[in-house]
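Examining the three-dimensional arrangement
Chain residues, written in single-letter form:
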Amino acid sequence: MDIKDVIKGFEKPDRKYSAVAFWFWNDELDPDFLAWQIDEMVDKGVYGGFMHARAYLKTPYLEEDWWKAVDKCIARGREKGFYPWIYDEYAWPSGTAGSTFEYGYQKPSRVLAEGEKNMAKGLYARKYTAGESINEENLLAKFPTDDGSTLAFYRRVYPKSVDYLNKDTIRTFINYTHEEYKKRYKSDFGTIIPGVFFDEIYMIGYPLPWTDSLPEEFLARCGYDLMKELPHLLEGEDDHARKVRRDYYRVISELYEEAFFKQISKWCTENNLMLTGHTEEYLQSHPRRQGNFFNTMRHLHIPGADNHDYRYRFPRKITFCEPKYSVSVARAYNRERCMSEAMGGAGWGCSLQEFKRGINTMGAMGINMFTLHGFYNECEHQGSQADWPTSFFYQNPYWKYFKTFGDYISRICYMNTIGRPVVDNALYYPINELYEDMIQGEANEHGKLMCQDFDMALNILLCRQMDTDMIDYESLARADIRGGKIEVGQQSFSALICPTNMKIDEILAKKLR
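The following refers to the structure shown. (Residues numbered from 1 in each chain as written. Predicted model: local features only at pLDDT ≥ 70, side-chain atom pairs only at ≥ 80, totals over all residues. Heavy atoms only, no water.)

1. A short note on the state of the cysteines
- A full pass over the atoms with the stated rule returns 0 disulfides.
- Cysteine Cys451 remains unbridged, with the sulfur of Cys321 as its closest cysteine sulfur at 11 Å. (Disulfide = S-S within 2.5 Å.)

Below, the structure written as structure tokens:
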């Protein structure tokens, strides 16, 4: 690109580089008032928004008045050059197509209303002493122990959560939500409507995730019967026990990937929409709640991550691993953009100066799409006022000055998108190693230490101005080694930092020789 074109693009970036509003649709939706809000956002340099049904929404979700509001926003967006994105759920997490709350104004989840087949499952164990009566309800397996007691494994059902490991369940969610948008707006997909956001999903089963097809799937993928090996999920440090745990977590991660991420990404691709969103960003929670972060999130057209620390930490500071996960996946798998759901819950007292510092940090990490949390439809009621504030929007005294901040964000996103990252250090993502250190669904002491060392290594390198991305096993295995560099996707690394217990198979040994 010619430098004159770069300067021209920097002075007035394309609207696709603007901040995107996490647009909180609460209370009663007035289509004309939403159109006015679009005018306000465009005036302040915000050219897109996720139409996000929040917990205190009164307009019936996915019903006639909802669609009237969406109709108006698409029409106004077409007039003003504003891009309304689909947010795929009422509140969160995605997957229910309706409410799971005891309070609120919405109908119950359409997906969960179809019954237990769509509900999340978990696996837990109970130890019975010799002679004690064993509860047979939901019993999956039982094993005698050396001390004469019995270890029994049970299936637990979560009636307010979706089974993300079940392809049919997720297909049902797509039918209730995505297909309903398609019926009405297919001609706007990929133009006025750029894509879809999913939010806050994770495997809820505790202490161990489960789905009814797991025994059959495990046998097909691993070649042995999981039901005979269940005690090894709770204890054991010999090679066989560690292998069982590694295989168990790998299989549930694959089922999670295939049912939700791969299936919805495929639907979006076929319908000319970009998929973005976020899940769990902390390594220690990945085996039980997220599976392999890279393998799941690589299916997104715009990999994303949450950003908690303007909510939970004071003074406010970005935790590096959160943006670095989405950035690393995007670069490894040649995605042009990477998203952060940015700085929600900072409170009404947080200034634009503080928000600018957060944008700067995430920009330095490589983020080039900022979803600002949030822009409130209204905040006249206690529920909406307390909905993880602040609102960047018209309710805030600084809103009239927001254009300067909006343009600033657009320029960071533009430069981070057209530029090529120069990152020398690759930090190995040790998910396969961590699988073996999971005991009863939690990392043991060695696993916790490995996670702490992983985060510490990233922090130390970045704080010393040594930019570092993460790299997963699959990316390392398919990388080209040229001139002492590890080249994969957009990345070209000079150094690989890995844990001392890294599993080096024949493929990696050949690469790293």
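2. So, the packing of helix H6 (residues 214-222) against helix H7 (residues 239-270)
- Following both chains from N to C, one finds H6 and H7 inclined at 110°, their axes separated by 10 Å at the closest point. Between H6 and H7, the crossing angle belongs to the class labelled roughly perpendicular. Every residue of H7 that contacts H6 at Leu214, Glu217, Phe218, Arg221 and Cys222 is listed here: Asp247, Tyr248, Arg250, Val251, Ile252, Glu254, Leu255 and Glu258.
- Of the residues in the contact of H6 with H7, the class split is 7 nonpolar, no polar and 6 charged. (Axes fitted to C-alpha atoms, helices over the stretch in contact; angles between N-to-C directions. Helix = DSSP H or I, 4+ residues; strand = E, 2+ residues; numbered from the N terminus. Parallel < 35°, antiparallel > 145°, perpendicular 65-115°, else oblique. Contact = heavy atoms within 4.5 Å. Nonpolar A, V, L, I, M, F, W, Y, C, P; charged D, E, K, R; others polar.)

3. Thoughts on the environment of Lys80
- Within the fold, Lys80 resides in helix H3 (residues 64-80).
- Through-space distance from the C-alpha of Lys80 to that of Val42 is 7.3 Å; in sequence the pair is 38 residues apart.
- Once residues within four sequence positions are removed from consideration, Lys80 is found in contact with Arg15, Ile38, Asp39 and Val42.

4. As for the packing of aromatic side chains
- Applying the stated criterion across every chain yields a total of 50 aromatic pairs.
- Ring centres of Phe260 and Phe261 lie 5.3 Å apart, and the angle between their planes is 70°; on these two criteria the pair is classed as edge-to-face. The exposure classification of Phe260 matches that of Phe261, with both residues buried.
- Put simply, the rings of Phe33, Trp36, Tyr310, Phe355, Phe375, Phe392, Phe393, Tyr394, Trp399, Phe402 and Phe405 touch in pairs and so form one group of aromatic residues.
- Arg289 extends its terminal NZ or CZ atom over the ring of Tyr202, reaching a point 3.8 Å from the ring centre.
- Geometry around Tyr333 places Arg478 over its ring, the cationic atom sitting 4.4 Å from the centre. (Phe/Tyr/Trp six-rings, centres within 6.5 Å; stacked < 30°, edge-to-face > 60°. Buried < 20%, exposed > 50% of the residue type's maximum accessible area, 1.4 Å probe, protein only. Lys NZ or Arg CZ within 6 Å of the ring centre and 35° of its normal.)

5. Brief notes about H6
- Regarding H6, the residues found buried are Leu214, Phe218 and Cys222. Projected onto a plane normal to the axis of H6, the buried residues spread over an arc of 35° and lie on a single side. The exposed set on the far side of H6, more than 90 degrees from its buried face, consists of Glu216 and Ala220.
- Contact partners of the buried residues in H6: strand E8 (208-210) and H7. (Arc of directions from axis to C-beta.)

6. Things to note about the pattern of salt bridges
- If you walk through the whole model with that rule in mind, you get 47 salt bridges.
- Salt-bridge contacts for Lys107 lead to Glu63; the nearest nitrogen and oxygen are separated by 2.9 Å. With a gap of 44 residues between them, Lys107 in the loop between strand E3 (83-90) and strand E4 (119-128) and Glu63 in the loop between strand E2 (48-57) and H3 connect regions that are remote in the sequence.
- Judged by its relative accessible area of 25%, Glu63 is partly exposed.
- Measuring nitrogen to oxygen at the nearest pair gives 3.7 Å for the salt bridge that ties Arg250 to Asp247. Linking Arg250 with Asp247, this pair stays in helix H7, spanning 3 residues, or about one helical turn.
- Exposure remark for Arg250: the relative accessible area of 27% places this residue in the partly exposed category. (Salt bridge = Lys/Arg side-chain N within 4 Å of Asp/Glu carboxyl O.)

7. Re the nonpolar core
- In terms of nonpolar packing, the biggest core is built from 131 residues, with Trp23, Trp66, Leu372 and Phe375 touching the most fellow members.
- Looking at which element gives the most residues to this core, the answer is H7, with 13 residues.
- Apart from residues lying up to four places away in sequence, Trp23 is in contact with Leu34, Gln37, Ile38, Met41, Phe50, Met51, His52, Cys73, Phe82, Phe375 and Phe393.
- Formed by 13 residues, the second largest nonpolar core is a distinct cluster that contains Tyr428, Tyr473, Ala479 and Ile486. (Core = buried A, V, L, I, M, F, W, Y, C linked by side-chain atoms within 4.5 Å.)

8. Topic: unusual backbone geometry
- Here Trp92 and Pro93 are connected by a cis peptide whose omega angle stands at 0°.
- Of note, Pro93 is situated in the loop between E3 and E4.
- With an omega dihedral of 5°, the bond running from His373 to Gly374 counts as a cis peptide bond.
- One non-glycine residue, Glu200, adopts positive backbone phi at about 60°.
- For Glu200, the location among the structural elements is in the loop between strand E7 (195-199) and E8.
- Look at Glu200 and you get partly exposed, because its relative accessible area is 22%.
- Positive phi outside glycine occurs at Gln440, with the angle close to 55°.
- Relative to the helices and strands, Gln440 is located in the loop between strand E14 (438-439) and strand E15 (442-443).
- On the basis of relative accessibility, which here comes to 44%, the residue Gln440 falls in the partly exposed class.

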